[in-house]
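Observations on the model geometry
Listed below are the residues making up each chain.
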Amino acid sequence: QVQLVESGGGLVQAGGSLRLSCAASGIIFSINAMGWYRQPPGKQRELVAGITSGGSINYADSVKGRFTISRDNAKNTVYLQMNSLKPEDTAVYYCNADVLTTGWATRNYWGQGTQVTVSS
């Protein structure tokens, strides 16, 4: 089994920055795509940013130019640098990864979520 452990969430003022981290652990042969999702209060979970093992990146339109996703393959870790934060960025942020495990099958895993709150 694989676990995704997140850190870096918290409370910030509008215009501030946060850096989220998500480290995958367990029996891991390789990780394909990793990404960040978020779920604002009263809304559905949505993709924020994703990155493949080859470095292909995509962002939600709402965060383009403000957020940056990156990964450290040696640490099985994905990051989300969040700049120029807005109150509408307030949400629970979830890490996600597609992992090749001991079953030689790719499975999808979720982190527990971390709260990001941006005050106006």
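Note: the structure precedes this text.
1. Some words on a nonpolar patch on the surface
- A cluster of nonpolar side chains, Ile27, Phe29 and Trp104, forms an exposed patch at the surface whose accessible area comes to about 360 Å².
- Within the secondary structure layout, tryptophan 104 lies in the loop between strand E9 (91-100) and strand E10 (106-110).

2. Notes on the pattern of salt bridges
- Enumeration over the complete set of coordinates arrives at 4 salt bridges.
- In this structure, glutamate 46 and arginine 38 form a salt bridge, with 3.0 Å as the shortest nitrogen-oxygen distance.
- Salt-bridge contacts for lysine 64 lead to aspartate 61; the nearest nitrogen and oxygen are separated by 3.0 Å.
- Several salt bridges converge on common partners, so that one network encompasses Arg38, Glu46, Arg66 and Asp89.

3. Some words on the side chain of arginine 71
- By the secondary structure assignment, arginine 71 is in strand E7 (residues 67-72).
- Within the buried set, arginine 71 has no salt-bridge partner at all; the shortest N-O distance to an opposite charge, 8.3 Å, is to aspartate 72.
- Here the side chain of arginine 71 touches isoleucine 51 through a polar contact of 3.4 Å, landing on its backbone oxygen.
- Of the polar contacts made by the side chain of arginine 71, one reaches the backbone oxygen of threonine 52; its length is 3.2 Å.
- Ignoring sequence-local partners within four residues, the contact set of arginine 71 consists of Ile31, Asn32, Ala33, Met34, Ile51, Thr52, Ser53, Thr77, Val78 and Tyr79.

4. Side note on the nonpolar core
- Core analysis: the biggest nonpolar cluster contains 29 residues, and Trp36, Leu80 and Tyr93 have the highest contact counts within it.
- Of all the elements in the fold, those that place two or more residues in this core are strand E1 (2-7), strand E3 (18-26), strand E4 (30-39), strand E5 (46-51), E7, strand E8 (77-82), E9 and strand E11 (114-119).
- Sort the elements by how many residues they give to this core and E9 lands first, with 5 residues.

5. Focus on the sheet that holds E3
- Across the sheet, 4 strands lie side by side as E1-E3-E8-E7; this open sheet has antiparallel pairing. The sheet is open, and its two borders are formed by E1 and E7, each paired with just one other strand. Pairwise comparison of adjacent strand axes, ignoring direction, gives a mean angle of 15 degrees for this sheet.

6. Examining the packing of aromatic side chains
- Taken as a whole and judged by the stated rule, the model has 2 aromatic pairs.
- Each ring, one from tyrosine 94 and one from tryptophan 110, has its centre 6.4 Å from the other, and the planes form 85 degrees; the classification is edge-to-face. Here tyrosine 94, found in strand E9, pairs with tryptophan 110, found in strand E10; they are 16 residues apart in sequence, far enough to count as distant.
- Three or more aromatic residues joined by ring pairs form one cluster here, namely Tyr37, Tyr94 and Trp110.
- Looking at arginine 45, its charged tip hangs above the ring of tyrosine 94, at a distance of 3.6 Å from the centre.

Conventions adopted
- Residues numbered from 1 in each chain as written.
- Predicted model: local features only at pLDDT ≥ 70, side-chain atom pairs only at ≥ 80, totals over all residues.
- Heavy atoms only, no water.
- Patch = residues over 30% accessible without salt bridge, like charges linked within 9 Å, V, L, I, M, F, W, Y side chains within 5 Å.
- Areas by Shrake-Rupley, 256 points an atom, 1.4 Å probe, with all protein chains shown as cover.
- Salt bridge = Lys/Arg side-chain N within 4 Å of Asp/Glu carboxyl O.
- Helix = DSSP H or I, 4+ residues; strand = E, 2+ residues; numbered from the N terminus.
- Buried < 20%, exposed > 50% of the residue type's maximum accessible area, 1.4 Å probe, protein only.
- Lys, Arg positive; Asp, Glu negative; His and termini not counted.
- Polar contact = N/O pair within 3.5 Å; in protein donor to acceptor, adjacent residues only side chain to side chain.
- Contact = heavy atoms within 4.5 Å.
- Core = buried A, V, L, I, M, F, W, Y, C linked by side-chain atoms within 4.5 Å.
- Pairing = 2+ DSSP bridges.
- Axes fitted to C-alpha atoms, helices over the stretch in contact; angles between N-to-C directions.
- Phe/Tyr/Trp six-rings, centres within 6.5 Å; stacked < 30°, edge-to-face > 60°.
- Lys NZ or Arg CZ within 6 Å of the ring centre and 35° of its normal.

These results come straight from atomic positions and should not be treated as a statement about function.
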